[in-house]
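Listed below, chain by chain, are the residues.
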Amino acid sequence: PAGVEMTLDLREKRVFVTGHRGMIGAALLRRLEREPCEVISATHADLDLTCQQRVEDWFDAHRPDVVIHAAARVGGIQANDRYPADFIYDNLDIATHVIHAAWKWRVRKLLFLGAACVYPRDAPQPLAEASLLSAPLEPAMVVVPALQMPGMGELMLILLIVLIIFGPGRLPDVFTSFGKSIKSF
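The numbering scheme is per chain: residues are counted from 1 as the chain's sequence reads. Where local features are concerned, this predicted model is filtered to residues with pLDDT of at least 70; where side-chain atom pairs are given and counted, the filter is 80 or more; whole-chain, interface and lining totals use all residues. The basis for every side-chain value is the complete set of heavy atoms in the structure, and neither hydrogens nor water enter the calculation.

A. Spatial organisation of the pairing of strand β1 (residues 14–18). Exposure is judged per residue with a 1.4 Å probe applied to protein chains only, and the accessible area is read against the type maximum: over 50% gives exposed, under 20% gives buried, and values in between give partly exposed. Numbered from the N terminus, helices here are DSSP runs of H or I no shorter than four residues, and strands are runs of E no shorter than two. Among the 5 residues of β1, 4 are classified as buried, and the element is accordingly described as predominantly covered. The pairing criterion for strands is at least two bridges between them, as found by DSSP. Sheet analysis places β1 next to strand β2 (residues 38–40), joined by 3 bridges and oriented parallel. Following the sheet pairing, Val-15 is matched in β2 by Val-39. When the strands point away from the viewer and the path from the first strand over the helix to the second turns clockwise, the crossover is right-handed. Chirality of the crossover, the property in question, places the unit of β1, helix α1 (residues 23–32) and β2 among those that are right-handed. Relative to strand β3 (residues 66–69), β1 is paired through 4 bridges, and the arrangement is parallel. Bridge assignment links Val-17 to a residue of β3, and that residue is Ile-68.

See below:
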């Protein structure tokens, strides 16, 4: 948006990366190692993001300047299909706890990463760009975007949706699904 600073000088900043053991979070950690900042993270054993009080205690103790939120309960297409309410519940908890703590401890920027497949479930094969968002999506892949709201103070919440992720650390059932897609080409 016009007049909104979309860059951030990371020099001497404390950057908290959630989900640092996942594929995207781990890649972000590797990239941030080249920046003049202090990167901080916490394992699930050290910080359960589904528990608001633990998140608030952690933010109080560590006081990050920037948060890159890449954590989520993940399980792949089959798990999302079997337990959709569990995934939604946990991921809403995680997201709201991190956003609220970032606001409460006056974090300047919060980059909120989400992932989604934006091709319709029954898109013609092979997939074409014209199929993008042309019909109802795969139900397990629907994302509700987070919005900046009045009263958030100086916290800038940036939502980035990453479309279809492949690489090191990806869960095996995605490769099974991907393999089925390749067979249809």
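Don't stop here, the text continues.
B. Broad picture of α1. Listing the buried residues of α1 in full gives Met-23, Gly-25, Ala-26, Leu-29 and Leu-32. Contacts are assigned to residue pairs that have any heavy atoms within 4.5 Å of one another. The inward-facing, buried residues of α1 contact β1, β2 and β3.

C. Quick peek at the environment of Val-17. You can see Val-17 is positioned in strand β1. Val-17 sits 51 residues away from Ile-68 along the chain, and the two C-alpha atoms are 4.8 Å apart. Excluding its chain neighbours within four sequence positions, the residues that come into contact with Val-17 are Gly-25, Leu-29, Leu-32, Val-39, Ile-40, Ser-41 and Ile-68.

D. Expanded view of the packing of helix α2 (residues 52–62) against helix α4 (residues 84–104). An axis is simply a line fitted to the C-alpha atoms; with a helix, the fit covers only the stretch in contact. Between two such axes, the angle follows the N-to-C directions and lies from 0 to 180 degrees. Taken N-terminus to C-terminus, the directions of α2 and α4 make an angle of 35 degrees; their axes are 9 Å apart at the nearest point. As α2 runs across α4, the sense of the crossing is right-handed. Taking contact as the criterion, the partners of Gln-52, Val-55, Glu-56 and Phe-59 in α2 are, on α4, Thr-96, His-97, Val-98, His-100, Ala-101, Ala-102 and Lys-104. In this classification, Asp, Glu, Lys and Arg are treated as charged, Ala, Val, Leu, Ile, Met, Phe, Trp, Tyr, Cys and Pro as nonpolar, and every other residue, Gly included, as polar. Of the residues that constitute the contact of α2 with α4, the class distribution is 5 nonpolar, 4 polar and 2 charged. Working rule for handedness: look at the near helix, and if it is turned counterclockwise from the far one by less than a right angle, call the crossing left-handed; if clockwise, right-handed.

E. Summary view of the packing of aromatic side chains. In this scheme Phe, Tyr and Trp rings, the latter by its six-membered ring, pair at centre separations within 6.5 Å, and the angle between planes marks the pair as stacked below 30 degrees, edge-to-face above 60, and tilted otherwise. This model, assessed by the stated rule, comprises 3 aromatic pairs. Taking the centre distance of 6.0 Å and the plane angle of 75 degrees together, the rings of Trp-58 and Phe-59 count as edge-to-face. What links up through ring pairs into an aromatic cluster is the set Phe-16, Trp-58 and Phe-59. Counted as over-ring charges are cases with an Arg CZ or a Lys NZ within 6 Å of the ring centre that also lie within 35 degrees of the ring normal. The ring of Phe-87 is capped by Arg-73, whose NZ or CZ atom sits 4.5 Å from the centre of that ring.

F. Broad picture of the nonpolar core. Of all hydrophobic cores here, the largest spans 20 residues; its most connected members are Phe-16, Leu-47, Leu-49, Trp-58, Phe-59 and Val-67. Among the secondary structure elements, those contributing two or more residues to this core are α2, α4 and β4 (109–116). By residue number, the principal contributor to this core is α4, which donates 6 residues. Apart from residues lying up to four places away in sequence, Leu-49 is in contact with Thr-18, Val-55, Ala-71, Asp-93, Ile-94, His-97 and Val-98. For our purposes a nonpolar core is just a set of buried Ala, Val, Leu, Ile, Met, Phe, Trp, Tyr and Cys residues, chained together by side-chain atoms within 4.5 Å. By size, the runner-up hydrophobic cluster in this structure holds 9 residues, among which are Leu-10, Val-66, Ile-68 and Leu-113.

G. Representation of the side chain of His-97 in the model. Among the secondary structure elements, His-97 is positioned in helix α4. Judged by its relative accessible area of 8%, His-97 falls in the buried class. A polar contact of 3.5 Å, which involves the side chain of His-97, links it to the backbone nitrogen of Gln-52. Here a polar contact means two N or O atoms within 3.5 Å. Within protein one must be a hydrogen donor candidate and the other an acceptor candidate, and residues neighboring in sequence count only if both atoms are side-chain atoms.

These results come straight from atomic positions and should not be treated as a statement about function.
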